[in-house]
Amino acid sequence: MRIAVFISGNGSNLQAIIDAVHNKWLDVTISGVISNKADAYGLVRAEKAGIATAVFAGKKVTTFEKLALEQLETWQVDCVVLAGFMRVLTPAFIDNFAGIMINIHPSLLPKYKGLDTHQRAIDAGEAYHGCSVHFVTAELDAGKIIAQNMLHIHPEDTAASLAERVHTLEHALLPRVLGWLADQRFYIAHDTLHLDQFPLKKPLCFFELSFV
Ligand code: GRF
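Residues numbered from 1 in each chain as written. Predicted model: local features only at pLDDT ≥ 70, side-chain atom pairs only at ≥ 80, totals over all residues. Heavy atoms only, no water.

K.L.:
How do you make sense of the overall build of the chain when you look at a structure like this?
P.N.:
From N to C terminus, the chain includes six helices and eleven strands. Over its C-alpha atoms the chain spans a radius of gyration of 16 Å, differing by no more than 12% from the 17 Å that the globule rule assigns to 212 residues. When its C-alpha atoms are laid out on the principal axes, the chain stretches across 50 × 40 × 35 Å. The 212 residues of the chain split such that 48% are buried. For the chain, the proportion of contacts with a sequence separation of at least 24, taken over those separated by at least 6, is 64%. As presented, the chain carries roughly 10600 Å² of accessible surface, and 54% of it is formed by carbon and sulfur atoms. The distance from the centre of the 18 positive side-chain charges to the centre of the 22 negative ones in the chain is 2 Å. (Helix = DSSP H or I, 4+ residues; strand = E, 2+ residues; numbered from the N terminus. Rg over C-alpha atoms; globule rule 2.2 N^0.38 Å. Buried < 20%, exposed > 50% of the residue type's maximum accessible area, 1.4 Å probe, protein only. Contact = heavy atoms within 4.5 Å. Areas by Shrake-Rupley, 256 points an atom, 1.4 Å probe, with all protein chains shown as cover. Lys, Arg positive; Asp, Glu negative; His and termini not counted. Charge placed at Lys NZ, Arg CZ, Asp CG, Glu CD.)

Spelled out as structure tokens, the structure:
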């Protein structure tokens, strides 16, 4: 499976994918990284790993999408991964990637779509929080959820400590989901998620899946 990763910033999730590929437990080809920010640190991570990059910064969204589409066609990707990509894409663009575009979001969707998820979870007195990997559809953070990785919120947690803890869970989850997609263990058929040919009623849910 050939993938492209869209980023806007630090790119630690991109790094988790790069590491998984380098350590040979994730069998995908990272064809390239697209950023809408010229100073995204994820671009440095990609370049260090010898991965092609494309920066389309300071453009209106339709221009960004036209350039991104051309680039993805050149790279011939099978799957697009939004990993910390902080720009809302148009339905017309997303329609090109139905069932092959995924996003990692820092909450247990459908709770806390959008921004500032950690503080909102604390303010609501949630006992649990985490991250979700889902298919991308025209509606923001609302596509079918593939898998989630959750944790207990501790009384002493702040938005910053939660962000750090959730990031660790993201790094364990996202490369694994990519592996299942690459192996075609996970797919949508008849509008239903399937794992190993069985329809799934609910997303896969892990509790503090992480690795030392
Ligand atoms: C992650 O928390 C991800 O869930 C959200 O943006 C953040 C990106 O972090 N969509 P990084 O750039 O991968 O470090």
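The rest of the description comes next.
K.L.:
Got a minute to help me understand the sheet that holds strand β9 (residues 192–195) in this structure?
P.N.:
Two orientations exist for strands paired in a sheet by backbone hydrogen bonds: parallel and antiparallel. The three strands are arranged β8-β9-β10 in an open sheet whose pairing can be described as antiparallel. The open sheet has two edge strands with one neighbour each: β8 (186–189) and β10 (198–199). Of the pairings in the sheet, the one linking β8 to β9 comprises four bridges and is antiparallel in character. Residue Ala189 lies in a different strand from β9, and its bridge partner there is Thr192. (Pairing = 2+ DSSP bridges.)

K.L.:
Help me understand the pairing of strand β6 (residues 128–135), please; the structure alone is not making it clear to me.
P.N.:
The side chains of a regular strand alternate between the sheet's two faces. For β6, the tally of buried residues reaches seven of eight residues, placing the bulk of the element in the interior. Inspection of the sheet shows strand β5 (residues 101–105) paired to β6 by four bridges, in the antiparallel sense. Paired with Asn103 across the bridge in β6 is His134. As defined by bridge partners, β6 adjoins strand β7 (residues 145–152) across seven bridges and the pair is classed as antiparallel. Across the sheet, the residue bridging to Val133 is Ala147, located in β7.

K.L.:
I tried to follow the site of the ligand on my own but got confused; where do I start?
P.N.:
In the region of the ligand, the neighbouring residues are Asn10, Gly11, Ser12, Asn13, Gly84, Ile104, His105, Pro106, His167 and Glu170. Side-chain polar atom of Ser12 to an oxygen atom of the ligand: 2.5 Å apart, as the coordinates give it. The contact in question runs from a nitrogen atom of the ligand to an N or O atom on the backbone of Ile104, over 3.0 Å. Summarising the interface, the protein chains cover 86% of the accessible area of the ligand, which totals 360 Å² for the free molecule. Mapped by element, the contributors of at least two residues to the shell around the ligand are α1 (12–22), β5 and α6 (159–182). Of the residues contributing to the shell around the ligand, the split by class is two nonpolar, seven polar and one charged. (Near = heavy atom within 4 Å. Polar contact = N/O pair within 3.5 Å; in protein donor to acceptor, adjacent residues only side chain to side chain. Nonpolar A, V, L, I, M, F, W, Y, C, P; charged D, E, K, R; others polar.)

K.L.:
Sorry, what's going on with α1 here?
P.N.:
Helical geometry note: an α-helix holds 3.6 residues per turn, so side chains three or four residues apart project in the same direction. Looking only at α1, the buried set comprises Ser12, Asn13, Leu14, Ala16, Ile17, Ile18 and Ala20. Elements in contact with the buried residues of α1: β1 (2–7), β2 (29–35), α2 (41–48), β4 (79–82), β5 and α6. Positive backbone phi, at 65°, marks Lys24, one or two positions downstream of α1.

K.L.:
What am I meant to see in the sheet that holds β4 here?
P.N.:
Taking strand neighbours across the sheet as the criterion, the eight strands line up as β3-β2-β1-β4-β5-β6-β7-β11 in an open arrangement whose pairing is mixed. Each having just a single partner strand, β3 (53–55) and β11 (204–207) make up the two edges of the open sheet. Neighbouring strand axes in the sheet, compared pairwise and without regard to direction, differ in orientation by 20° on average. (Axes fitted to C-alpha atoms, helices over the stretch in contact; angles between N-to-C directions.)

K.L.:
Sorry, what's going on with the pattern of salt bridges here?
P.N.:
For the structure shown, the criterion picks out six salt bridges. Taking the shortest distance from any N to any O, the salt bridge between Glu126 and Lys111 comes out at 3.1 Å. With Glu126 in the loop between α5 (117–123) and β6 and Lys111 in the loop between β5 and α5, the pair connects residues that are 15 residues apart, well separated along the chain. Looking at Lys111, the relative accessible area reads 43%, which means it is partly exposed. (Salt bridge = Lys/Arg side-chain N within 4 Å of Asp/Glu carboxyl O.)

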